[in-house]
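Structural features, examined
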Amino acid sequence: MNSTAKSELLGILTGDIETPPKVPHAELKTCVLIDGHALIQALGKCSGCKTFGEHGEVFLDAVKHHFGDQTTRIDVVFDRYIDASIKSATR
């Protein structure tokens with residue numbers, strides 16, 4: 001099985017695509033999938049957050065800001081690697 005860096009895959013999938021700063025409004029029902037770990041890393045360390053709940057509010061505010069009014073459904077996905085997985089063997 002070949003292993004590819006996520007950064008390479010991003011370039012392949014988004015090579016000639018323009019991405020708007022916000023999701024445009026649609027009359028149809030829409031769904032957005034968010035990579036939860038990627039968003040946490042993009043947000044960085046929250047200055048002033050002292051509890052898990054405060055971090056959660058910052059995360060939720062970021063999701064609502066970018067997708068709240070324009071989408072019908074928002075799913076946030078967090079992945080994990082099981083010890084017996086192929087991914088753990090490549091680490």
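Residues numbered from 1 in each chain as written. Predicted model: local features only at pLDDT ≥ 70, side-chain atom pairs only at ≥ 80, totals over all residues. Heavy atoms only, no water.

Concerning the overall build of the protein
In terms of regular secondary structure, the protein is built from four helices and two strands. When the helices and strands of the protein are listed from N to C terminus, the series reads α-β-α-α-β-α. Of all 91 residues assigned to the protein, the portion counted as buried reaches 12%. Long-range contacts, defined as pairs at least 24 residues apart, comprise 68% of the intrachain contacts of the protein with a sequence gap of at least 6. A total of about 8,000 Å² of accessible surface is found on the protein, and carbon and sulfur atoms cover 58% of it. (Helix = DSSP H or I, 4+ residues; strand = E, 2+ residues; numbered from the N terminus. Buried < 20%, exposed > 50% of the residue type's maximum accessible area, 1.4 Å probe, protein only. Contact = heavy atoms within 4.5 Å. Areas by Shrake-Rupley, 256 points an atom, 1.4 Å probe, with all protein chains shown as cover.)

A few points about the environment of lysine 29
With respect to the secondary-structure elements, lysine 29 resides in the loop between helix H1 (6-14) and strand E1 (31-35). Judged by relative accessible area, which is 76%, lysine 29 ranks as exposed. In sequence terms lysine 29 and arginine 73 are 44 residues apart; their C-alpha atoms lie 7.9 Å from each other.

Brief notes about a nonpolar patch on the surface
Where nonpolar side chains cluster on the molecular surface, the patch consists of Ile40, Ile74, Val76 and Phe78 and spans about 300 Å² of accessible area. A relative accessible area of 43% means that phenylalanine 78 is categorised as partly exposed. (Patch = residues over 30% accessible without salt bridge, like charges linked within 9 Å, V, L, I, M, F, W, Y side chains within 5 Å. Salt bridge = Lys/Arg side-chain N within 4 Å of Asp/Glu carboxyl O.)

Looking at the pattern of salt bridges
Side-chain pairing between opposite charges can occur once the charged atoms of the two side chains come close. Evaluation of the coordinates by the stated rule reveals one salt bridge. The salt bridge partner of arginine 73 is aspartate 75, with a shortest N-O separation of 3.0 Å. A relative accessible area of 21% places aspartate 75 in the partly exposed class.

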